[in-house]
Amino acid sequence: MEEDQPKQDNPRVLKVLEALKQASQELQTPDSAESNSSAINALLELETESDSLLSRDPHLSTLSHHLATLKTLVASLRKSTHHHSLRSFLTRRASTQSLSRLAGSIESEIQAWIDRENLDTLTKALKQQDNEEELIKLLSQFEDRVLRGFDRELQDLVLKTRVFNLIESCLCDSNSSNRVREHCAFVIVALIKFNKDVFVGQVLMGATIKALLTMASPNSIRVLCSLVRIIKSPLVDEIEFNGQIPKIISLLNWDDSEMRVMGFVCVLEIGYFGRKEAIDSMLEEGLVEKLVELQRSELGGDMMELEMCDEEGENKEGEKEKRLLERRPFSSCVARFAVQLEVGEGLRQRERRAFKQQILVRVREASISDAEAATIIAECKEIDESFGSFDEEMHILLLVSHRCEMAGLVGFAGF
């Protein structure tokens, strides 16, 4: 029973620590380290209140020591304020700087304890999975914490608890709900952003990509697109090597328009970062033919022609194109794919030229009329002739629907 006492006290400890953290943050701001400042008074009051609670948890022993040091420093600072000698002035300056540094150490110790407790709770929830709402809340909380930026102590905790493996296992578990699995996927992206060097290898060697494609939800494909953008060519190589390109191309055949759009976004990402083998695989799966069909659909069209017909155009640069692509996400989709190959990172120049010719041949074969083929080819050539002066501008303009979607804008088909 005595061993369980610290755990039973955790809610009370957390409340006190949050107050201590707030006071320590205030103490690090300019002019707040004066001996009678509200931040110092709050810390001293909390130190007295928390003494019995902190002494029960060995992980808080360093924090207890810092708080005791704080008391000593404040006493020294207050004593020096009664004297006006040079020595007293220097003592006050040194004590004030020490207080600010100590406040930073107090804040770090508190955050480390909170991280440790939260990770402990999350790992247990991932293993038990008996409360979906609570698990989603914990996953979201962990995602927010990781997205605050790199923290070596937090990284050590993540590696020590092997929480990445638990999250990936949950993502791959078909018995878990899609909501839980999607939140697991969001956390994986956050961890890659947190430290790409450490966690990319686990994604490449694990089953994350296969699980995302098996789920085949708009959010799972969004996560896949994010991972491709972060990891770039190495991830596309793995996707191609494991034979998953056909699954991605098949998304373009779905009845659900949002899934078709997300499939197209994924194709654009692979086109930008993919090497020759990945592009070959997409073309062999009939990508160009599918894009021609999508451009022919009611959600497609010729973007140049549609722009001229749009009488409600915005004056701001890019706004008109953004609104157009929200309504017609497959407008000029063949040319937009060609743009990715032209400005992307995965192909050599001679490979770009060869794929350009393949695309034109396939467009002619897939078109239902000479007029349709001529329109699509003209778009591709017009873009090609423009590249010498504004590669990046074309990349941004023609893929604005893609970038808007990845930024989480709301509109048609999840934009």
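Note that the structure is predicted; figures quoted are calculated from it, not measured.

Student: In this structure, what is going on with the packing of helix H14 (residues 257–273) against helix H15 (residues 276–284)? I would like to understand it.
Tutor: Helices that pack against each other are described as a pair by the angle of their axes relative to one another and the distance between those axes. Contact pair H14 / H15: the axes reach a minimum separation of 8 Å and the direction vectors enclose 145 degrees. Like other packed secondary-structure pairs, H14 and H15 cross with a definite hand, here left-handed. Within the contact between the two elements, H14 uses Val267, Ile270 and Gly271 and H15 uses Ala278, Ile279 and Met282. When grouped by side-chain class, the residues that make up the contact of H14 with H15 number five nonpolar, one polar and no charged.

Student: Looking at this model, I keep getting lost on the pattern of salt bridges. Mind explaining?
Tutor: Opposite charge on two side chains makes pairing possible when the charged atoms of those side chains draw close. If you walk through the whole model with that rule in mind, you get twelve salt bridges. Linking Arg145 and Asp151 is a salt bridge whose minimum nitrogen-to-oxygen distance equals 3.2 Å. Looking at Arg145, the relative accessible area reads 9%, which means it is buried. With a closest N to O distance of 3.3 Å, Arg362 and Glu289 form a salt bridge. Remark: Glu289 occurs in helix H16 (residues 287–296) and Arg362 occurs in helix H20 (residues 349–366); sequence separation between them is 73 residues. The exposure class of Arg362 is partly exposed, given its relative accessible area of 21%. Connected through salt bridges with shared partners, the residues Asp115, Arg145 and Asp151 form a single ionic network.

Student: Can you walk me through the packing of helix H5 (residues 132–146) against helix H8 (residues 178–194) in this structure?
Tutor: Between H5 and H8, the shortest axis-to-axis distance is 9 Å and the interhelical angle comes to 15 degrees. The angle between the axes of H5 and H8 places the two elements in the roughly parallel class. Crossing of H5 against H8: the hand is left-handed. For the pair formed by H5 and H8, the contact residues are Glu132, Glu133, Leu135, Ile136, Leu139, Ser140, Phe142, Glu143 and Val146 on the first element and Arg179, Val180, His183, Cys184, Phe186, Val187, Ala190, Leu191 and Phe194 on the second. Split into classes, the residues belonging to the contact of H5 with H8 amount to twelve nonpolar, two polar and four charged.

Student: In this structure, what is going on with the side chain of Gln111? I would like to understand it.
Tutor: Topologically, Gln111 is positioned in helix H4 (residues 86–128). Here Gln111 falls in the buried class, since its relative accessible area comes to 9%. Apart from residues lying up to four places away in sequence, Gln111 is in contact with Lys21, Arg145 and Arg148.

Student: Sorry, what's going on with the packing of aromatic side chains here?
Tutor: Given two aromatic rings, one states the distance between the centres and the angle between the planes to describe the pair. Under the criterion given, the structure shown has four aromatic pairs. Between Phe164 and Phe199, the ring centres sit 5.8 Å apart and the planes meet at 20 degrees, which makes this aromatic pair stacked. One end of the pair, Phe164, is in helix H7 (residues 163–172); the other, Phe199, is in helix H9 (residues 196–205), and 35 residues separate them in sequence. Take Phe164: its relative accessible area is 3%, and that puts it in the buried class.

Student: Would you take a moment to explain the nonpolar core for this structure?
Tutor: Nonpolar side chains tend to gather and get buried jointly when the protein is soluble and globular. Within the largest apolar cluster, 91 residues are counted, with the highest numbers of intra-cluster contacts made by Phe142 and Phe337. Considering every element that reaches this core, the biggest residue donor is H14, with eleven residues. When residues no more than four places from it in sequence are discounted, the contact partners of Phe337 are Val267, Leu268, Gly271, Met282, Leu283, Leu287, Leu291 and Ile359. If you look at the next biggest cluster of nonpolar residues, it comprises 18 residues, including Leu54, Leu60, Leu63 and Trp113.

Student: Sorry, what's going on with helix H10 (residues 208–215) here?
Tutor: Burial analysis of H10 places six of its eight residues in the buried class, the great majority of the element. Along H10, the residues classified as buried are Thr208, Ile209, Ala211, Leu212, Leu213 and Met215. Buried residues along H10 sit in contact with H7, H8, H9, helix H11 (218–231), helix H12 (233–241) and helix H13 (245–250). Positive phi shows up at Ala216, right after H10, with a value of about 50 degrees.

The rules behind each value
Residues numbered from 1 in each chain as written. Predicted model: local features only at pLDDT ≥ 70, side-chain atom pairs only at ≥ 80, totals over all residues. Heavy atoms only, no water. Axes fitted to C-alpha atoms, helices over the stretch in contact; angles between N-to-C directions. Helix = DSSP H or I, 4+ residues; strand = E, 2+ residues; numbered from the N terminus. Left-handed = near helix turned anticlockwise from the far one by under 90°. Contact = heavy atoms within 4.5 Å. Nonpolar A, V, L, I, M, F, W, Y, C, P; charged D, E, K, R; others polar. Salt bridge = Lys/Arg side-chain N within 4 Å of Asp/Glu carboxyl O. Buried < 20%, exposed > 50% of the residue type's maximum accessible area, 1.4 Å probe, protein only. Parallel < 35°, antiparallel > 145°, perpendicular 65-115°, else oblique. Phe/Tyr/Trp six-rings, centres within 6.5 Å; stacked < 30°, edge-to-face > 60°. Core = buried A, V, L, I, M, F, W, Y, C linked by side-chain atoms within 4.5 Å.

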